Amino acid sequence: MRNQLRMMQNMGLGWTLFRIKYELKKRAGFLEKEFPAVSMTEEEFLKRWSSHAASPDQAVREWRAQARPFFFHPDKLNGLKPVLQKTLGASEQELLNQADRICEGTFTYFSRWNVHQGTPNWHWNPITNEESPRDLHWSKIPDLSGAFGDIKYIWELSRFSFAYTLVRAYALTGSSLYPETFWNLFEDWVKNNPEERGVNYKCCQEMSLRVMAWIFALYAFANHSSSTDKRVFSLLKQVYCHTDHIDKHFDFALKSVKNNHTISEAAGLYTVGLLFPFFDRSGRWKKKGFRHLEAEGMWQIYEDGSYLQHSMNYHRLVVQDYTWALRLAELNGEAFSNKLKERLYKTFDFLYQFQDEATGRLPNYGMNDGALIHPLSHCEYLDYRPQLGAFYFILTGKRLYPDGPHEESLVWLAGESASRAPRDTFPRAALKAYPEGGYYSIRMDGGSAMIRCGTYRHRPAQADMLHLDIWREGTNVICDAGTYSYNTDAEWSAYFMGTASHNTVMIGDDDQMEKGSRFIWYNWTKSHTRRAEAAADGMTLFEGEHYGYGPLIHRRAVIQSDAVIAVIDEIAGDFNGTERAISASWLSAARGAKATGEKGLIELETPAGPYFIETLDTQSSTFRIYHGDEKARRGWRSLYYGEKEPAYQIVRSLRSGKPVRLVTVLSPVAGQVTYDPEQNLLRMQDRCLRLNPAGSETILPQEKVTL
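So, here's what we can say about the structure. (Residues numbered from 1 in each chain as written. Predicted model: local features only at pLDDT ≥ 70, side-chain atom pairs only at ≥ 80, totals over all residues. Heavy atoms only, no water.)

1. Details of the overall build of the protein chain
- What the protein chain contains, in helices and strands, is 20 helices and 30 strands.
- Taken over C-alpha atoms, the radius of gyration comes to 27 Å for the protein chain, in line with the 27 Å a tight globule of 707 residues would show.
- Taking the principal axes of the C-alpha coordinates as reference, the protein chain spans close to 90 × 60 × 45 Å.
- Burial statistics for the protein chain: of 707 residues in total, 61% are counted as buried.
- A separation of at least 24 residues holds for 68% of the contacts in the protein chain among residues at least 6 apart in sequence.
- When the accessible area of the protein chain is evaluated, it comes to approximately 26400 Å², of which 48% is carbon and sulfur surface.
- The positive charge centre, built from 83 side chains, and the negative charge centre, built from 85, are 4 Å apart in the protein chain. (Helix = DSSP H or I, 4+ residues; strand = E, 2+ residues; numbered from the N terminus. Rg over C-alpha atoms; globule rule 2.2 N^0.38 Å. Buried < 20%, exposed > 50% of the residue type's maximum accessible area, 1.4 Å probe, protein only. Contact = heavy atoms within 4.5 Å. Areas by Shrake-Rupley, 256 points an atom, 1.4 Å probe, with all protein chains shown as cover. Lys, Arg positive; Asp, Glu negative; His and termini not counted. Charge placed at Lys NZ, Arg CZ, Asp CG, Glu CD.)

2. Focus: the sheet that holds strand E29 (residues 681-684)
- With antiparallel pairing, the 3 strands of this open sheet are ordered in space as E28-E29-E30. Of all the strands in the sheet, the pair left with one neighbour each is strand E28 (673-676) and strand E30 (687-690). For this sheet the average axis-to-axis angle between neighbouring strands, irrespective of direction, equals 15 degrees. (Pairing = 2+ DSSP bridges. Axes fitted to C-alpha atoms, helices over the stretch in contact; angles between N-to-C directions.)

3. Quick look at the packing of aromatic side chains
- Under the definition given, this model contains 75 aromatic pairs.
- Measuring from centroid to centroid gives 4.7 Å for Phe-160 and Phe-162, while their planes differ by 40 degrees, and the two rings are tilted.
- Look at Phe-162 and you get buried, because its relative accessible area is 8%.
- Centre to centre, the rings of Trp-189 and Tyr-201 are 6.0 Å apart; their planes meet at 50 degrees, and the pair counts as tilted. Separated by 12 residues along the polypeptide, Trp-189 in helix H10 (residues 177-192) and Tyr-201 in the loop between H10 and helix H11 (204-221) bring together distant segments of the chain. Neither residue differs from the other here; Trp-189 and Tyr-201 are each classed as buried.
- Counting every residue linked through ring pairs, the aromatic cluster contains Phe-107, Trp-122, Phe-160, Phe-162, Tyr-170, Phe-182, Trp-183, Phe-186, Trp-189, Tyr-201, Trp-214 and Phe-221.
- In this arrangement the basic side chain of Lys-644 is found over the ring face of Trp-492, its NZ or CZ atom lying 4.7 Å from the centre.
- The cationic tip of Lys-644 hangs over the ring face of Trp-636; the distance from NZ or CZ to the ring centre is 5.6 Å. (Phe/Tyr/Trp six-rings, centres within 6.5 Å; stacked < 30°, edge-to-face > 60°. Lys NZ or Arg CZ within 6 Å of the ring centre and 35° of its normal.)

4. Quick look at the pairing of strand E10 (residues 468-472)
- Burial runs high along E10: 5 of the 5 residues are buried.
- Taking every second residue as pointing to the same face, both faces of E10 are buried, with Leu-468, Ile-470 and Arg-472 on one and Asp-469 and Trp-471 on the other.
- Looking at chain direction, strand E9 (residues 447-452) and E10 are connected through 5 bridges and run antiparallel. When the bridges of E10 are listed, Ile-451 appears paired with Leu-468.
- Relative to strand E11 (residues 475-478), E10 runs antiparallel, the two sharing 2 bridges. Opposite Ile-470, over in E11, you have Ile-478 as the bridge partner.
- Following E10, the chain reverses through 2 residues before pairing antiparallel with E11; Glu-473 in that reversal takes a positive phi of roughly 50 degrees.

5. Some remarks on helix H15 (residues 282-300)
- The terminal C-alpha atoms of H15 lie 26 Å apart, and with 19 residues this matches the ideal 27 Å at 1.5 Å per residue to within 8%.
- Among the residues of H15, those classed as buried are Ser-282, Trp-285, Lys-288, Gly-289, His-292, Leu-293, Glu-294, Glu-296, Gly-297 and Gln-300.
- Close packing links the buried residues of H15 with helix H12 (229-248), helix H13 (250-257), helix H14 (260-275), helix H16 (312-331) and helix H17 (338-353). (Expected span 1.5 Å × (residues − 1).)

6. Thoughts on the environment of Gly-79
- Secondary-structure assignment places Gly-79 in the loop between helix H5 (56-66) and helix H6 (81-88).
- Judged by relative accessible area, which is 51%, Gly-79 ranks as exposed.
- Residues Gly-79 and Ala-171, spaced 92 residues apart in sequence, show a C-alpha to C-alpha distance of 8.4 Å.

7. Examining the side chain of Ser-409
- Summarising the element assignment, Ser-409 is placed in helix H19 (residues 408-414).
- Contacts of Ser-409, omitting those with residues within four sequence positions, involve Leu-376, Ser-377, Pro-386 and Ala-390.

8. Section: unusual backbone geometry
- Residue Pro-551 is reached from Gly-550 by a cis peptide bond, and omega for that bond is 10 degrees.
- Despite not being glycine, Asn-576 shows a phi value in the positive range, around 55 degrees.
- With respect to the helices, strands and loops of the structure, Asn-576 is situated in the loop between strand E18 (564-573) and strand E19 (580-588).
- A residue is classified by how much of its surface remains accessible, and Asn-576, at 54% relative accessible area, is exposed.
- Positioned with a positive phi, Arg-633 is a non-glycine residue whose angle comes to about 55 degrees.
- Residue classification places Arg-633 among the buried residues on the basis of a relative accessible area of 19%.

9. What about the sheet that holds strand E22 (residues 609-615)?
- Pairing within the open sheet is antiparallel, and its 8 strands lie in the order E15-E16-E17-E18-E27-E22-E21-E20. Taken across any chain shown, the strands that pair with only one partner, and hence form the sheet edges, are strand E15 (527-534) and strand E20 (592-595). Between one strand axis and the next, the sheet turns through 15 degrees on average, direction left out of account.
- Relative to strand E16 (residues 539-546), E15 runs antiparallel, the two sharing 7 bridges. When the sheet's bridge partners are listed, Glu-533 is paired in E16 with Leu-541.

10. Concerning the pattern of salt bridges
- Applying the stated criterion to the full structure yields 41 salt bridges.
- Close ionic contact of Asp-244 with Lys-248 constitutes a salt bridge, the shortest N to O distance being 3.1 Å. Of this pair, Asp-244 and Lys-248 both sit in helix H12, 4 residues apart, which is roughly one turn of that helix.
- One salt bridge in this structure joins Glu-407 and Arg-399, with 3.1 Å as the shortest N-O distance. The exposure classification of Glu-407 matches that of Arg-399, with both residues buried.
- A single network of salt bridges, built from pairs that share partners, joins Arg-530, Glu-545, Arg-555, Glu-570, Arg-661 and Glu-697. (Salt bridge = Lys/Arg side-chain N within 4 Å of Asp/Glu carboxyl O.)

Below, the structure is given as structure tokens:
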């Protein structure tokens, strides 16, 4: 009961009452009655056409004659070939090989690994080799099941992301193999997923993404001989039934999930309502989707451009949804509000400021379920340039990045002429603060850094306050561990979601918040940023603190000059006469790590050369380097969903019954910083900064004092 009350306090009374009502409806069988497992007949579907078409053939002819503008016209698909070839360059053959593998029954999961199935089993988990129930009503199948494992492994194939690959290959070759393969897979899916039965009807976001992929393929293959009237009619019927389900179940995303699911579902409603106006409910769907895309964008995206889910990948998913919706609106003579577009421009700025210039990647921060919902380039999954480049063009009419394979996504969504649009110069700031979300970006010689310091207003994903992330010459030298899996054992979940895997300070074995069930945390962290300043002399000063270990306070100052970062951590407050275990962690994507020279100097081996973690204070402590330690659950990271790999994690441990100050330097060259604890002087290259005495209310002086 205590946990339920805390959850209600965090999530609100409205959320709690809705969840209670929903669970009662599900258990009582009302959801099964609301969504009966009865397939719509062709005759019933024809009645849903405003023209009351007399036959499926007539209905399809009407669609062909009245097809609304899409990202490309079926008659002009071949015209994209030259620009696609130029954009793809050497990766053209890789794309065609991938499309051919799909035709042979090999599918890519989470943009990462391939599974050969031949004829796909749409209910099969390739990790557990188990099937989910295919004949049960979706409301009777649990989200988490020991029987068939992580449901995401089953959903992944049914997103039909492979349809985008088949379309791209078809545009390059004109081969009949690709549209025929799509239609065979579509028909097999329909045959093995009767309406409202099985796991593929459990999530309306998944259904929305599937509908988008189907529509993309429908327009691309519309004029091919394999696109018979019978097949097209069947697809239109499935689009209708899916959208009707999404519409009727939309309140679950709106009032319970309250995140990117709502935006994806609204995008699905708007898309179908806009492109298929002859459906009897299209007007309602378009209006509802438009309204919620406007409203959800304005509250889910904070005023500073950061995002309520605190996840770079989910943030990208939202960007893809809005790129899709805004472009379709533009093509069909509609427009979203300037107010929304201004907010979307801010969210572009947020992602762009944290992007590594060399690789196009962002910090591996927050929950990452492997989603790449419109895979329209052959760039690496972790490269955000395809999506941000297209998004920026839709917002501004200008290109963002130099020519490269990332622009394929821009060509598909904005047309061939977009590849010739003028390029814009969008600078990245030396320091950029996003205080509503609690993010701070620092640009420095050869890299960048991200600092987290914020108070949660919405459901947190990870206990990681005052985490620091650093990029150096294209390597994430100080990195986030990532997510790994939503349905793993408690120990792995505790590591990846908890404080232990993040570059911050941990007290005892406790997280900064109390972990509840899968996506739930209690006692949401509260933080305060005391300072964020980029000085004219090139020195950046940051200081913040959080109260997750009350009555103790973790306070962190970050001082940057050129490529050097000094981190001063303090554990202050009332220890109540008790000695506490304290640890500071640094996780790295380096190729190697070793203790070198004097105690407290760690050398990381990176592609750009050595990088050092240097301890300057005199606190008595021990150091340990973990690398893929299964027993201790330390030294791991996950870049792709369901996959973990060893990483070097340096953990400094000590015990204290009184306030502690730790001084760490992160730099490509050791020995550039000295610290005098008696005088509280920190010397960085030719600069000298006097800190406040340990135990003061702040680490940095109110005014920057250099000597």
